[in-house]
Amino acid sequence: MSNVYSPLLADLIQALQCLPGVGQKSAQRMAFHLLDRDREAARRLARSLESAANQIGHCEQCRMLTEETVCRFCRSTHRDSSKICVLETPADLLAIENSGAYDGRYFVLMGHLSPIDGIGPTELGLDLLDARLAEGGINEVVVATSVTVEGDATAHLIAALAAKHGVKATRIAYGVPVGGELEFIDSGTLSRALLGRRQIETSPEEAGL
Amino acid sequence: MSERETVHLERGFVLHQRPYRNTSQLVEALTERHGRVGLVARGSRAKGRRALLQPFVPLRLSWTRRGELGTLSHVEADGQAVPLEAQRLLAAYYVNELLLRLLARGDPNEAVYSCYSDCLSSLAAAPSVSRVLRLFELRLLRALGYGLELDRELDSGEPLDPDGRYLYDPEHGPRRVRDRVAEEQVYWGRELIALGAERLDDDDSLKAARRLLGRILERHLGERPLKSRKVMQDLVAKGF
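Here the structure is a predicted model, which is why all the values come from computation and not from measurement.

### Quick look at the side chain of E5(B)
Residues and elements named next belong to chain B.
In step 1: Of note, E5 is situated in strand β1 (residues 5-20).
In step 2: Polar contacts involving the side chain of E5 include one to the side chain of W63, which spans 3.0 Å.
In step 3: If we skip the residues at most four places from it in the chain, E5 touches H34, W63, T64 and R65.

Pasting the structure below:
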């Protein structure tokens with residue numbers, strides 16, 4: 001199909017298909033757009049890909065993607081160094097950061113325990129986390145892995161690691177989402193929400209009674 | 001163009017899943033009457049079906065399929081998730097990987113399904129994980145038509161002698177040895193009989209079963225080692 005195109009064009013279309021969710025058709029559309037409509041953007045994209053691929057690595061302390069040796073979250077002096085939040089992906093870090101409810105340090109696993117894919121403690125960088133906990137100064141590990149079978153298994157590993165260093169491990173709460181109506185929530189989520197219920201903190205005066 | 005297949009509320013388990021496009025999942029499932037199927041679950045990560053589409057949850061699956069991959073149209077729980085923790089969870093992943101490696105898509109085999117669902121419930125409850133795994137391996141091989149000869153001696157056709165010593169020819173079965181052979185290749189008749197009768201109650205017969213089944217499985221798995229086994233070893237080495 002692509003032999004109707006000249007070699008360079010066919011190459012480009014082929015190369016674009018390395019992106020997740022991009023097949024022949026989308027790749028073609030992208031290639032034509034870049035070449036025909038916006039050549040400057042094409043050059044910018046090429047330069048940016050080149051430097052990103054060459055320069056971006058993982059933060060020495062938290063494994064976040066960055067071109068610096070130590071990322072800005074780890075360098076910042078305004079953050080609480082006694083807490084460390086363990087996450088699966090940089091996208092999760094962004095989500096937690098946007099919640100505005102956390103001001104500690106991070107640790108990005110870049111995945112979760114997945115034995116079938118060969119992803120174990122080494123691939124998740126647990127040696128590095130072990131070393132950070134050994135340094136001391138951390139008194140809470142906030143585990144924010146996904147609430148899936150794999151996420152739970154990963155959380156257990158992190159908790160075991162924290163216990164080894166005598167550090168408290170907590171897991172972010174799960175259950176009914178804000179704005180959720182019980183009727184439409186699956187039974188698994190609801191049963192977890194019931195298990196994790198907490199006392200309502202209020203006094204009669206506050207409630208105006 | 002191949003025939004369109006529509007399946008309603010078929011019993012099954014997810015063996016493995018991976019994200020596909022922005023919000024979809026590609027699911028490999030083991031089903032009761034359709035064997036292993038590959039299904040695309042559109043929009044499942046955003047729509048909350050993700051809670052259900054996980055390994056070790058008994059499910060009812062509906063799909064339509066034309067060609068290699070099917071499209072999941074409906075999924076519901078068919079019971080509670082099998083409660084598995086730590087070592088048992090890893091063992092269950094090993095079982096899933098074994099199935100993914102040994103089963104092709106679209107090869108219905110109800111015996112495989114029942115030995116898998118039995119294995120999961122035993123994993124949650126039985127005291128010895130390794131006994132559950134060995135019995136699963138034995139039954140899986142049998143269900144796949146690679147059953148082991150554990151009754152009779154190969155040359156004489158006589159029943160195995162509990163106190164006899166045997167070499168096991170993976171293609172054919174046990175052969176009595178009288179001369180000196182390297183000890184690690186020899187099985188006692190009683191160990192083979194115990195395996196054949198699914199009676200793995202002591203350490204010796206468990207170890208022998210592991211050695212024998214490991215060798216047979218290796219032949220069927222080929223060169224590529226099992227990834228879950230590597231991860232298990234890594235975890236043990238790191239003290240988890």
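### Side note on the nonpolar core
In step 1: F56(B) and Y116(B) are the most contacted members of the largest nonpolar core, which totals 75 residues.
In step 2: With eleven residues, helix α2 (residues 86-102) of chain B is the largest single contributor of residues to this core.
In step 3: Among all residues touching F56(B), those that are not within four sequence positions of it are V149(A), F13(B), V14(B), A81(B), V82(B), L84(B), L89(B), A92(B), Y93(B), N96(B), Y116(B) and L120(B).
In step 4: Counting 16 residues, the second largest nonpolar core, distinct from the first, contains C62(A), M64(A), C71(A) and I96(A).

### Digging into the domain arrangement of chain B
All names here are of chain B.
In step 1: You can read the domains of chain B as domain 1 (5-77) and domain 2 (86-234).
In step 2: The gap between the C-alpha centroids of domain 1 and domain 2 is 30 Å.
In step 3: On the domain 2 side, the residues contacting the 19 residues of domain 1 number 19 residues.
In step 4: Each partner contributes to the roughly 1,700 Å² buried at the junction of domain 1 and domain 2, and carbon and sulfur atoms together form 66% of this total.
In step 5: Here E68 and R105 are joined by a salt bridge, their closest N and O atoms 2.7 Å apart.

### Side note on the side chain of E97(B)
Residues and elements named next belong to chain B.
In step 1: Topologically, E97 is positioned in helix α2.
In step 2: Put simply, E97 is tucked away with no salt bridge, and the nearest opposite charge, on R101, sits 4.5 Å away.
In step 3: Here K227 takes part through its backbone nitrogen, which lies 2.8 Å from a polar atom of the side chain of E97.
In step 4: A polar contact of 2.6 Å, which involves the side chain of E97, links it to the side chain of S228.

### Some thoughts on the sheet that holds strand β3 (residues 35-41) of chain B
Residues and elements named next belong to chain B.
In step 1: Read around the closed barrel, the five strands follow the order β1-β2-β3-β5-β4; overall the barrel is mixed. On average, adjacent strands in this sheet sit at an angle of 55° to one another, irrespective of strand direction.
In step 2: As paired elements, β1 and strand β4 (residues 59-65) share six bridges and run antiparallel to each other. Across the sheet, the residue bridging to G12 is L59, located in β4.

Criteria and cut-off values
Residues numbered from 1 in each chain as written. Chains lettered and ligands numbered in written order. Predicted model: local features only at pLDDT ≥ 70, side-chain atom pairs only at ≥ 80, totals over all residues. Heavy atoms only, no water. Helix = DSSP H or I, 4+ residues; strand = E, 2+ residues; numbered from the N terminus. Polar contact = N/O pair within 3.5 Å; in protein donor to acceptor, adjacent residues only side chain to side chain. Contact = heavy atoms within 4.5 Å. Core = buried A, V, L, I, M, F, W, Y, C linked by side-chain atoms within 4.5 Å. Buried < 20%, exposed > 50% of the residue type's maximum accessible area, 1.4 Å probe, protein only. Domains from an automatic or database assignment. Buried area = accessible area lost by both parts, 1.4 Å probe. Salt bridge = Lys/Arg side-chain N within 4 Å of Asp/Glu carboxyl O. Lys, Arg positive; Asp, Glu negative; His and termini not counted. Pairing = 2+ DSSP bridges. Axes fitted to C-alpha atoms, helices over the stretch in contact; angles between N-to-C directions.

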